[in-house]
Amino acid sequence: MDMKIELVSIPVTDVDRAKTFYVDQVGFNADYDQRVNEAMRFVQLTPPGSACSIVIGEGMTDMPPGSQRGIQMVVADADAARAQLVAAGVEASEVDEQAWGRFVYFADPDGNTWSLQQLPARD
C-alpha cells in the first residue's frame, strides 16, 4: 500500500507574516486561504514541484509556534537555492558539505527550521 505525506502543519504566531515569508521570500505557491469559521483559518502553501504542502493558520495545530524542526526539502542545486533565498532576504546558512549531500539551513520568522538538501551524485 502506498502512503504519501500530503500536508505538514507549521505552527506560527502571525499567519499573514508567515504567508508572506513562505510565498514572497521562499517561493511557495499559495494554494488556499480560507477562513472556515471565527476560530479557524486554513492556509495551504506548496513548494514548487512538491506533492506535499504545508498548512499554517488559526486553529490548525496545538504545537507552539516555532516548534516544528528539521523539515527537509530536496533541491537540484544547493548553491542556487541558497542564492535565491538570500536574494529574497532570507537568512540562510552557508552550504554545508556532507558525504550524504549538500545542505542549506534556514528558519521562518517564528523559528521553525528547514533544510534544503542537494542529493549526492549516484553511480
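Just so it is clear, the model here is predicted, and its values are computed rather than measured. (Residues numbered from 1 in each chain as written. Predicted model: local features only at pLDDT ≥ 70, side-chain atom pairs only at ≥ 80, totals over all residues. Heavy atoms only, no water.)

A. Structural detail: the overall build of the protein. When its secondary structure is counted, the protein shows two helices and eight strands. Ordered by position in the sequence, the α and β elements of the protein form the string β-α-β-β-β-β-α-β-β-β. Relative to the compact-globule value of 14 Å for 123 residues, the protein shows a C-alpha radius of gyration of 15 Å, a close match. Structurally, the protein occupies a C-alpha span of about 50 × 40 × 25 Å along its principal axes. Out of the 123 residues belonging to the protein, those deemed buried represent 37%. Sequence-distant contacts in the protein: of pairs separated by 6 or more residues, those separated by 24 or more amount to 52%. (Helix = DSSP H or I, 4+ residues; strand = E, 2+ residues; numbered from the N terminus. Rg over C-alpha atoms; globule rule 2.2 N^0.38 Å. Buried < 20%, exposed > 50% of the residue type's maximum accessible area, 1.4 Å probe, protein only. Contact = heavy atoms within 4.5 Å.)

B. Representation of the sheet that holds strand β5 (residues 71-75). What the four strands build is an open sheet, ordered β5-β8-β7-β6; its pairing is mixed. Of all the strands in the sheet, just β5 and β6 (96-98) have a single pairing partner and so form its edges. Averaged over neighbouring strand pairs, the angle between their axes works out to 30 degrees when direction is ignored. Of the strand pairs in this sheet, β5 and strand β8 (residues 113-118) are connected by five bridges, and their pairing is parallel. Considered in β8, the bridge of Met73 is made with Leu116. Contacting β5, β7 (101-107) and β8, helix α2 (residues 78-87) crosses the sheet at an angle of about 15 degrees to β7. (Pairing = 2+ DSSP bridges. Axes fitted to C-alpha atoms, helices over the stretch in contact; angles between N-to-C directions.)

C. Quick peek at the packing of aromatic side chains. Inspection of every chain in the model, using the stated rule, returns seven aromatic pairs. Ring geometry for Tyr22 versus Phe28: centroids 5.4 Å apart, planes at 35 degrees, classification tilted. Phe28 gets classed as buried once you look at its relative accessible area, which sits at 4%. Through successive ring pairs, a cluster of aromatic residues spans Phe21, Tyr22, Phe28, Phe106 and Trp114. (Phe/Tyr/Trp six-rings, centres within 6.5 Å; stacked < 30°, edge-to-face > 60°.)

D. Examining the environment of Pro64 more closely. Looking at where Pro64 falls in the secondary structure, it is placed in the loop between β4 (53-58) and β5. A relative accessible area of 52% means that Pro64 is categorised as exposed. Residues Pro64 and Ala83, spaced 19 residues apart in sequence, show a C-alpha to C-alpha distance of 30 Å.

E. Quick peek at the side chain of Asn112. Tracing the sequence through the fold places Asn112 in the loop between β7 and β8. Take Asn112: its relative accessible area is 0%, and that puts it in the buried class. Within the structure, Asn112 has its side chain in polar contact with the backbone nitrogen of Gly66 (distance 3.4 Å). Apart from the residues lying within four places of it in its own chain, the contact partners of Asn112 are Ile10, Pro11, Val12, Tyr22, Gly66, Ser67, Gln68, Arg69, Phe106 and Ala107. (Polar contact = N/O pair within 3.5 Å; in protein donor to acceptor, adjacent residues only side chain to side chain.)

F. Geometry of the sheet that holds strand β2 (residues 29-37). Taking strand neighbours across the sheet as the criterion, the four strands line up as β1-β4-β3-β2 in an open arrangement whose pairing is mixed. Strand pairing shows two members of the sheet lacking a second neighbour, β1 (7-9) and β2, which therefore form its edges. Taking the axes of each pair of neighbouring strands and ignoring which way they run, one obtains an average angle of 25 degrees across the sheet. In the packing of helix α1 (residues 15-26) onto the sheet, the strands contacted are β2, β3 (40-46) and β4, and the crossing angle to β3 comes to about 10 degrees.

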